[in-house]
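Spelled out from the first residue to the last, the chains are:
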Amino acid sequence: MPSQKNHRLLIYHRDPELYEEAIRRRAPRLEIHSTEKTDEALFWIEEAEILLAWKLPDDLLKKARKLAWFASTGAGNEHLVNNPHLPETVIVTKTTIYGEMMAEYVFAYILYFIRRGAKHLEDQRRGVWDPVRPERLRGKVLAVLGLGSIGREIAKRGRQFGMKVIGLKRSPEPVEEVGEAFGPSDLEEMIPIADYLVNCLPYTPETYHFLGQKELALLKEGAVLFSIGRGKTIDQEALVRVLRSKKIRAVLDVFETEPLPRESKLWTLENVIITPHVSGINMPEEICEAFVDNYERWLRGGSLVGVVDRKKGY
Ligand SMILES: NC(=O)c1ccc[n+]([C@@H]2O[C@H](COP(=O)([O-])OP(=O)(O)OC[C@H]3O[C@@H](n4cnc5c(N)ncnc54)[C@H](OP(=O)(O)O)[C@@H]3O)[C@@H](O)[C@H]2O)c1
């Protein structure tokens, strides 16, 4: 169990002063060094017991000899799970604050669609008064792929809107927000009944192209696909084909290559909304609050929130 001494924390991140200030306020006993510069971090890394960072250059990681805990500011840590310079003894945690924000993203677009936002804006531009009935969410099927910290928040809000919420996870078991969850082998049964299919899976060898041509072709007419987990979990070429051939829509926040290359066909499709990986963007205050809560657990010798299972890959 870690002792009550002053632990050394290195913050290696953009906007380091925001993180440092937020943590110092709540954990004054932590000895904090913060920087976004690799050469400065090199100076501190050898003494750091805790690291708050997203991606860390290997040259730095190799020197982190006293590191006990890598607190990642991100939720998806595929770059860390197999990193040979990160010994198994180092605890890696993900930040689990993104669910609320990403649920807001998903429902921002769902509500915009059902309340005919684009039509009313266009009518307004042309001075047209055309009252049309909106669609309702009650009874619509919301299918969530991945029921972790993000999927569960989305599922919870779906239920509040009276939707029929179903979900899929790696190890199927009852989940409060959806009832009995599906497992990966049930995917083909889930897709055709979904009005809204929200993919918030992490990227692992098992989830690469989880949604390929066969699965995407099962989407029913009028369905909306959200991609907010990791781009590589969807076969993007297949997605373009399906978007061209079927009356479905997609709201895409993550892509196989980011930034999405200018020549991608996705930019040209009218049934697609593209956002630049912003559905769950870093919020330093929230990240630091979660970090300090976890640090207090660490001091008490309790189990940390968001420990990455490096064998599972997420
Ligand atoms: N777009 C953005 O701005 C943004 C922001 C934050 C995060 N993300 C992405 O969102 C991902 C999810 O985050 P999270 O915090 O919700 O992760 P999490 O808490 O680790 O949950 C992951 C979920 O995916 C399920 N899963 C994993 N592998 C699977 C498989 N092979 N088949 C079926 N289900 C599988 C897990 O199943 P079990 O429950 O059975 O383990 C779990 O329910 C992150 O990994 C990250 O890549 C994107």
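Structure shown above.
Let us look at the structure shown here.

About the thresholds
- Residues numbered from 1 in each chain as written.
- Predicted model: local features only at pLDDT ≥ 70, side-chain atom pairs only at ≥ 80, totals over all residues.
- Heavy atoms only, no water.
- Buried < 20%, exposed > 50% of the residue type's maximum accessible area, 1.4 Å probe, protein only.
- Helix = DSSP H or I, 4+ residues; strand = E, 2+ residues; numbered from the N terminus.
- Pairing = 2+ DSSP bridges.
- Near = heavy atom within 4 Å.
- Polar contact = N/O pair within 3.5 Å; in protein donor to acceptor, adjacent residues only side chain to side chain.
- Areas by Shrake-Rupley, 256 points an atom, 1.4 Å probe, with all protein chains shown as cover.
- Axes fitted to C-alpha atoms, helices over the stretch in contact; angles between N-to-C directions.
- Core = buried A, V, L, I, M, F, W, Y, C linked by side-chain atoms within 4.5 Å.
- Contact = heavy atoms within 4.5 Å.

## Concerning the pairing of strand β3 (residues 50–53)
Turning to step 1, where the next piece is worked out: Neither face of β3 is exposed, since Ile50 and Leu52 on one face and Leu51 and Ala53 on the opposite face are all buried.
Turning to step 2, where the next piece is worked out: One ladder, built from 4 bridges, connects strand β1 (residues 8–12) with β3; its direction is parallel. Bridge pairing in β3 places Tyr12 opposite Ala53.
Turning to step 3, where the next piece is worked out: Across 4 bridges, the pairing between β3 and strand β4 (residues 69–72) is parallel.

## Quick word on the site of the ligand
Turning to step 1, where the next piece is worked out: Taken together, the neighbourhood of the ligand is formed by 30 residues, with Lys94, Leu147, Ser149, Ser171 and Tyr314 sitting nearest.
Turning to step 2, where the next piece is worked out: One nitrogen or oxygen atom from the main chain of Gly148 is found 3.3 Å from an oxygen atom belonging to the ligand.
Turning to step 3, where the next piece is worked out: Against a free-state accessible area of 940 Å², the protein chains account for coverage of 94% of the ligand.
Turning to step 4, where the next piece is worked out: Elements represented by at least two residues in the shell around the ligand include exactly α5 (98–114) and α7 (149–160).

## Observations concerning the sheet that holds strand β12 (residues 249–252)
Turning to step 1, where the next piece is worked out: Read across the open sheet, the 6 strands follow the order β7-β6-β10-β11-β12-β13; overall the sheet is parallel. Edge positions in the open sheet fall to β7 (164–168) and β13 (272–274), since each of these has one partner strand only. The mean angle between the axes of side-by-side strands here comes to 15°, regardless of whether they run parallel or antiparallel.
Turning to step 2, where the next piece is worked out: Summarising the sheet, strand β6 (residues 141–145) and β7 pair through 5 bridges and their orientation is parallel. Bridge pairing links Ala143 to Ile166 in β7.

## As for the nonpolar core
Turning to step 1, where the next piece is worked out: By size, the foremost hydrophobic cluster in this structure holds 50 residues, and its most contacted members are Ile23, Ile154 and Phe291.
Turning to step 2, where the next piece is worked out: Top element by residues in this core is α5. It accounts for 10 residues.
Turning to step 3, where the next piece is worked out: Among residues more than four places away in sequence, those in contact with Ile23 are Leu9, Ile11, Leu30, Ile32, Leu52, Cys288, Phe291 and Val292.
Turning to step 4, where the next piece is worked out: Leu145, Leu187, Phe210 and Ala250 belong to the second-largest nonpolar core, a separate cluster that totals 31 residues.

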